[in-house]
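Tertiary structure, described
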Amino acid sequence: MTIRLIAIGKTDNRSLQQLITEYQNRLKHYVKFELEIIPDIKNSKNLTESQQKEKEGELILKKINNSDVLILLDENGKQFSSVDFANYLQKKMNSGIKQLVFVIGGPYGFSNTIYQQAQGKISLSKMTFSHQMVRLFVIEQIYRGFTILKNEPYHHR
């Protein structure tokens, strides 16, 4: 199985980018992982929230195959403990899917089209985090999930 993380806009904080890269490299030992960044929409200040979500949605859909399992990072999604998330990843791998795709939307969330395409929603917390930090948190939790599944000491139970 391949796990992809799609996010809108680049990470401009060097320290965060270094940590994201570090966890991407760690993940290579467990699963094929890809981070795909969709550039910010140009002239987004001239668009309404709805128009921006629609444009971002179109760009996200171009990156997704029909066979992909699409999971949105959404404040109204299901919350997991790290152990439960590890089990969730294991179930996805056991189901035989080829590609599990997590998506972090833009500042206003997702278009209705994206919600309709999604097979699930996950929330990292009831708190709000910057989109750049969420990337790191998601990648770290995927890594943590695999260390839990392999019974490695990274996660202390």
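Note that this is a predicted model, so its numbers are computed, not measured.

Basis of the calculations
Residues numbered from 1 in each chain as written. Predicted model: local features only at pLDDT ≥ 70, side-chain atom pairs only at ≥ 80, totals over all residues. Heavy atoms only, no water. 1 Å grid on protein atoms, 1.4 Å probe; cavity = no way out; pocket = protein on both sides within 12 Å on 5 of 7 lines; lining within 4 Å. Points joined across faces, edges and corners; volume = space filled by probe spheres on them. Helix = DSSP H or I, 4+ residues; strand = E, 2+ residues; numbered from the N terminus. Nonpolar A, V, L, I, M, F, W, Y, C, P; charged D, E, K, R; others polar. Pairing = 2+ DSSP bridges. Expected span 1.5 Å × (residues − 1). Buried < 20%, exposed > 50% of the residue type's maximum accessible area, 1.4 Å probe, protein only. Arc of directions from axis to C-beta.

Our next topic: the layout of surface pockets. Approximately 490 Å³ is the volume found for the largest pocket. Leu73, Asp74, Glu75, Thr128 and His131 are the residues nearest the centre of the largest pocket, which is lined by 23 residues in total. Among the secondary structure elements, those contributing two or more residues to the lining of the largest pocket are strand 3 (69-78) and helix 5 (131-149). For the lining of the largest pocket, the per-class residue count stands at 11 nonpolar, 8 polar and 4 charged. The calculated volume of the second largest pocket comes to roughly 250 Å³. Residue lining of the second largest pocket: 16 residues in total, with Phe80, Phe85, Leu124, Phe137 and Gln141 positioned closest to the centre. For the lining of the second largest pocket, the secondary structure elements donating two or more residues are helix 3 (82-94) and helix 5. Looking at which element gives the most residues to the lining of the second largest pocket, the answer is helix 5, with 5 residues. Partitioning the lining of the second largest pocket into residue classes produces 10 nonpolar, 5 polar and 1 charged.

A few words on the pairing of strand 2 (residues 32-38). Across 7 bridges, the pairing between strand 1 (residues 2-8) and strand 2 is parallel. Within the sheet, the bridge partner assigned to Ile3 lies in strand 2 and is Phe33.

Between its terminal C-alpha atoms helix 3 stretches 18 Å, which fits the 18 Å expected from 13 residues at 1.5 Å a residue. Turning to helix 3, its buried residues are Phe85, Ala86, Tyr88 and Leu89. Take helix 3 and look down its axis: the buried residues cluster within an arc of 155 degrees, on one side only. Opposite its buried face, helix 3 presents the exposed residues Lys91 and Asn94, each directed more than 90 degrees away. Just past helix 3, the residue Gly96 takes up positive phi, approximately 85 degrees.

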